[in-house]
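Now for the letters of each chain:
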Amino acid sequence: LCTRSVPHPPLSPCRGEDKGEGALARFVTDIFSFVLVTLMGATLGGWVGWWLGANVGLMTRFVLSMIGMGLGLYFAKRFVRDYLG
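What comes next is a walk through the structure. (Residues numbered from 1 in each chain as written. Predicted model: local features only at pLDDT ≥ 70, side-chain atom pairs only at ≥ 80, totals over all residues. Heavy atoms only, no water.)

Within the structure shown, the criterion is met by 3 aromatic pairs. Ring geometry for tyrosine 74 versus phenylalanine 75: centroids 5.1 Å apart, planes at 75 degrees, classification edge-to-face. For phenylalanine 75, a relative accessible area of 49% gives the class partly exposed. Ring centres of phenylalanine 79 and tyrosine 83 lie 5.3 Å apart, and the angle between their planes is 40 degrees; this geometry places the pair in the tilted category. With phenylalanine 79 and tyrosine 83 both in helix 2 (residues 58-84) and 4 residues apart, the pair spans about one turn of that helix. Phenylalanine 79 sits in the partly exposed class, given a relative accessible area of 40%. Residue tyrosine 83 is classed as exposed on the basis of its relative accessible area of 63%. (Phe/Tyr/Trp six-rings, centres within 6.5 Å; stacked < 30°, edge-to-face > 60°. Buried < 20%, exposed > 50% of the residue type's maximum accessible area, 1.4 Å probe, protein only. Helix = DSSP H or I, 4+ residues; strand = E, 2+ residues; numbered from the N terminus.)

Following the criterion strictly, the structure yields 1 salt bridge and no others. Of the charged contacts in the structure, one is a salt bridge between arginine 81 and aspartate 82, with a shortest N-O distance of 3.2 Å. Exposure remark for aspartate 82: the relative accessible area of 44% places this residue in the partly exposed category. (Salt bridge = Lys/Arg side-chain N within 4 Å of Asp/Glu carboxyl O.)

All right, on to helix 1 (residues 22-52) then. In this model helix 1 runs 45 Å from its N-terminal to its C-terminal C-alpha over 31 residues, within 8% of the 45 Å that 1.5 Å per residue would give. Structurally, helix 1 contributes buried residues whose contacts are with helix 2. (Expected span 1.5 Å × (residues − 1). Contact = heavy atoms within 4.5 Å.)

Another aspect to go through is the packing of helix 1 against helix 2. Packing of helix 1 against helix 2 leaves a shortest axis separation of 6 Å and a crossing angle of 150 degrees. By the angle between their axes, helix 1 is roughly antiparallel relative to helix 2. Crossing of helix 1 against helix 2: the hand is right-handed. Tallied by class, residues from the contact of helix 1 with helix 2 come to 14 nonpolar, 9 polar and 2 charged. (Axes fitted to C-alpha atoms, helices over the stretch in contact; angles between N-to-C directions. Parallel < 35°, antiparallel > 145°, perpendicular 65-115°, else oblique. Left-handed = near helix turned anticlockwise from the far one by under 90°. Nonpolar A, V, L, I, M, F, W, Y, C, P; charged D, E, K, R; others polar.)

What follows covers a nonpolar patch on the surface. Nonpolar side chains collect at one region of the surface, where Trp50, Leu58, Met59, Phe62, Val63, Met66, Ile67, Met69, Leu71, Leu73, Tyr74 and Phe75 lie side by side and expose about 1,200 Å² of accessible area between them. Considering the arrangement of structural elements, one finds leucine 71 in helix 2. Among the residues examined, leucine 71 registers a relative accessible area of 47% and is labelled partly exposed. (Patch = residues over 30% accessible without salt bridge, like charges linked within 9 Å, V, L, I, M, F, W, Y side chains within 5 Å. Areas by Shrake-Rupley, 256 points an atom, 1.4 Å probe, with all protein chains shown as cover.)

These results come straight from atomic positions and should not be treated as a statement about function.
If you want it as structure tokens, here you go:
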């Protein structure tokens, strides 16, 4: 499974030189950090969008919150890929 010579995706258990017992632990750690950072990015982005639309109206808050959540997810995934992956 891990013998291919092509690069593995960031969250692949076959990534890196460690293919023994530590591969599963690294895989679980990568998944945990990915989920935690993207959840934080989505939460912060949604909060900022909600805060920006607070004085306009409920529907504007909702729409800006969804846009903020999407941007938070995007930048959190880039952060994980570039700095943690």
